[in-house]
Amino acid sequence: MIASFCRTSAFAGVTLSLFAYWVGAALKRKTKLSFLNPLLISIAVTIVVLLTAHVSYDTYDAGAKYLSWFLTPATVCLAIPLYEQMKLLRNNWKAVATGICSGVLTSLLCVLVLSVLFGLSHETYVTLLPKSITTAIGMGVSEELGGNVTITVAVIVVTGVLGNILGEGLCRLFHIEEPIARGIALGSSSHAIGTAKAMEMGEVEGAMSSLSIAVAGILTVVGATVFSAVL
Amino acid sequence: MKILRQFCRIMIITLIGEVLHWVLPLPVPASIYGMAILFAGLVTGFIKLDQVKDAGKFLIEIMPVMFIPAGVGLMSSWGDLRPVLLPVSVITVVSLVAVMVVSGKVSQHVIRLENKTEAGSLLSMEDMAAEEEAEL
């Protein structure tokens, strides 16, 4: 009875996801271990529970889609911290512009070089080109260039979650100390999911990361089209 | 009432973004149009910060949980992913680290270069002390 109810419930999955996030956040606060990332814990726990209880993703998503639904208005709101840091942006626009451009170019070059090394097909290559940008733009790029959109979305999400987990540590390891530079690094490499971490790191980081999502996304549309002709 | 009004303004902007995405033949999603509209509105003073701030900050604060469904979606793309798992994983990790380090380092370099030229020969004692410390 209970099992069959959970298999069809619209709320069970979301409640589980949120609860796992809460537990993850509490664990992290207590232990201060960076690999105990609440987002990662929540995703992992939810997948394990869905698989063991034989609940399909579609059943889960029937309730969980309302969480995703908030992403568009939330992304719109990223303009607020950006506006609050306007003065800083105006004074440092050169650093911001060169940082994001170099990030976009690095991403495309990296995918090109490694695709050649692995001998990947053109389809897989163009599937990976938009991996560093926000899902909504990346899906369109992949589709336009003839890639596998399912893999593109998976890689974009994994990139974001990894950026969210590793971002702070990598900045420390490579001595990226300026808040503006840390925001650019997070936003250019791991889009909105990285920006969620940048918001936790500080207001300047969050604002610069928000800007990077939009600029890197749009630059990648152009860049990926050019790069797709290479391999 | 305040939060409701703020949320309503945010949704109106989101809706305009969606309309633009629908009308314009560009690969720009509704959220990016909306972000640009809200930013332009705040800069021109057409929208006041107080008219969107509380609801907006709340949405940004809970943003991480909005990515949980997309992450759980990995379980259904597993079949597509398995045949190319090794190269795709390597490319994902390597390029993530490369992009983060390059973009962060380049912008940090430009910031420090500009600070130096601005300050010119008038480097404060504090900066010199910090530099000496770094050299040691």
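Since we're looking at a predicted model, the values are computed, not measured.

1. Here's the deal with the overall build of chain A
Alright, step 1. Counting secondary structure elements, chain A contains 13 helices and zero strands.
Alright, step 2. The C-alpha atoms of chain A give a radius of gyration of 19 Å, which matches the 17 Å a tight globule of 231 residues would have.
Alright, step 3. Summarising its shape, the C-alpha atoms of chain A cover approximately 60 × 40 × 30 Å along the three principal directions.
Alright, step 4. Evaluated residue by residue, chain A yields a buried proportion of 56% over its 231 residues.
Alright, step 5. Taking all contacts inside chain A whose residues are at least 6 apart in sequence as the whole, residues at least 24 apart take part in 65%.
Alright, step 6. By element, 70% of the accessible surface of chain A is carried by carbon and sulfur atoms, the whole surface being about 10,000 Å².

2. Focus on the domain arrangement of chain A
Residue and element names in this part refer to chain A.
Alright, step 1. When its domains are assigned, chain A resolves into domain 1 (2–69) and domain 2 (79–227).
Alright, step 2. For domain 1 and domain 2, the distance between their C-alpha centroids amounts to 26 Å.
Alright, step 3. Taken together, the contacts link seven residues of domain 1 with five residues of domain 2.
Alright, step 4. Surface buried jointly by domain 1 and domain 2 totals about 470 Å² across both partners, of which 61% is contributed by carbon and sulfur atoms.
Alright, step 5. By the criterion of area lost to domain 2, the three top residues of domain 1 are Asn37, Leu39 and Leu40, representing 61% of everything that side buries.
Alright, step 6. For the pair domain 1 and domain 2, the interface holds zero salt bridges.
Alright, step 7. Scanning the region where domain 1 abuts domain 2 turns up one residue pair in polar contact (both at pLDDT 80 or more).

3. What to know about a nonpolar patch on the surface
Residue and element names in this part refer to chain B.
Alright, step 1. A surface patch of nonpolar side chains, amounting to about 630 Å² of accessible area, comprises Leu15, Val19, Trp22, Val23, Leu24 and Leu26.
Alright, step 2. Following the sequence through the fold, tryptophan 22 ends up in helix 1 (residues 2–23).
Alright, step 3. The class for tryptophan 22 is exposed, based on a relative accessible area of 73%.

4. Quick look at unusual backbone geometry
Alright, step 1. Of note, the phi angle at histidine 54 of chain A is positive, near 55 degrees, even though the residue is not glycine.
Alright, step 2. When you line up the elements, histidine 54 of chain A lands in the loop between helix 3 (38–52) and helix 4 (57–69).

5. Side note on the UniProt feature "transmembrane region" (unreviewed entry) in chain B
All names here are of chain B.
Alright, step 1. The positions UniProt marks with the feature "transmembrane region" (unreviewed entry) are residues 7–24, 30–47, 59–78 and 84–102.
Alright, step 2. What you have in residues 30–47 is 83% helix and 0% strand, and the ends, taken at the C-alpha atoms, are 19 Å apart.
Alright, step 3. Taken as a whole, residues 84–102 contains 95% helix and 0% strand, while its terminal C-alpha atoms sit 27 Å from one another.

6. Some points on the pattern of salt bridges
Alright, step 1. Scanning the entire structure with this criterion turns up nine salt bridges over all chains.
Alright, step 2. Lysine 197 of chain A is paired through a salt bridge with glutamate 168 of chain A; the nearest N and O atoms lie 3.9 Å apart. With a gap of 29 residues between them, lysine 197 of chain A in helix 12 (residues 179–201) and glutamate 168 of chain A in helix 11 (residues 149–173) connect regions that are remote in the sequence.
Alright, step 3. In this structure, lysine 2 of chain B and aspartate 54 of chain B form a salt bridge, with 3.6 Å as the shortest nitrogen-oxygen distance. Residue lysine 2 of chain B is located in helix 1, and its partner aspartate 54 of chain B is located in helix 3 (residues 53–61); the two are separated by 52 residues in the primary sequence.
Alright, step 4. Of the residues examined, lysine 2 of chain B reaches a relative accessible area of 47% and is grouped as partly exposed.

7. Here we look at the UniProt feature "transmembrane region" (unreviewed entry) in chain A
Residue and element names in this part refer to chain A.
Alright, step 1. Under the present numbering, the feature "transmembrane region" (unreviewed entry) in UniProt falls on residues 6–23, 35–54, 66–83, 95–120, 149–167 and 207–230.
Alright, step 2. Between the first and last C-alpha atoms of residues 66–83 the distance is 28 Å; the span itself is 89% helix and 0% strand.
Alright, step 3. With 100% helix and 0% strand, residues 149–167 has end C-alpha atoms that lie 26 Å from one another.

8. Focus: the packing of helix 1 of chain B against helix 2 (residues 30–44) of chain B
All names here are of chain B.
Alright, step 1. Helix 2 packs onto helix 1 with a crossing angle of 125 degrees between their chain directions and a minimal axis gap of 7 Å. Judged by the inter-axis angle, helix 1 sits oblique to helix 2. Here helix 1 and helix 2 pass one another in a crossing that is right-handed. Within the contact between the two elements, helix 1 uses Ile13, Ile16, Gly17, Glu18, Leu20 and His21 and helix 2 uses Ala30, Tyr33, Gly34, Ile37 and Leu38.
Alright, step 2. Broken down by class, the residue content of the contact of helix 1 with helix 2 amounts to seven nonpolar, three polar and one charged.

What counts as what
- Residues numbered from 1 in each chain as written.
- Chains lettered and ligands numbered in written order.
- Predicted model: local features only at pLDDT ≥ 70, side-chain atom pairs only at ≥ 80, totals over all residues.
- Heavy atoms only, no water.
- Helix = DSSP H or I, 4+ residues; strand = E, 2+ residues; numbered from the N terminus.
- Rg over C-alpha atoms; globule rule 2.2 N^0.38 Å.
- Buried < 20%, exposed > 50% of the residue type's maximum accessible area, 1.4 Å probe, protein only.
- Contact = heavy atoms within 4.5 Å.
- Areas by Shrake-Rupley, 256 points an atom, 1.4 Å probe, with all protein chains shown as cover.
- Domains from an automatic or database assignment.
- Buried area = accessible area lost by both parts, 1.4 Å probe.
- Salt bridge = Lys/Arg side-chain N within 4 Å of Asp/Glu carboxyl O.
- Polar contact = N/O pair within 3.5 Å; in protein donor to acceptor, adjacent residues only side chain to side chain.
- Patch = residues over 30% accessible without salt bridge, like charges linked within 9 Å, V, L, I, M, F, W, Y side chains within 5 Å.
- UniProt positions renumbered as here; feature names shortened; annotations may be inferred.
- Axes fitted to C-alpha atoms, helices over the stretch in contact; angles between N-to-C directions.
- Parallel < 35°, antiparallel > 145°, perpendicular 65-115°, else oblique.
- Left-handed = near helix turned anticlockwise from the far one by under 90°.
- Nonpolar A, V, L, I, M, F, W, Y, C, P; charged D, E, K, R; others polar.

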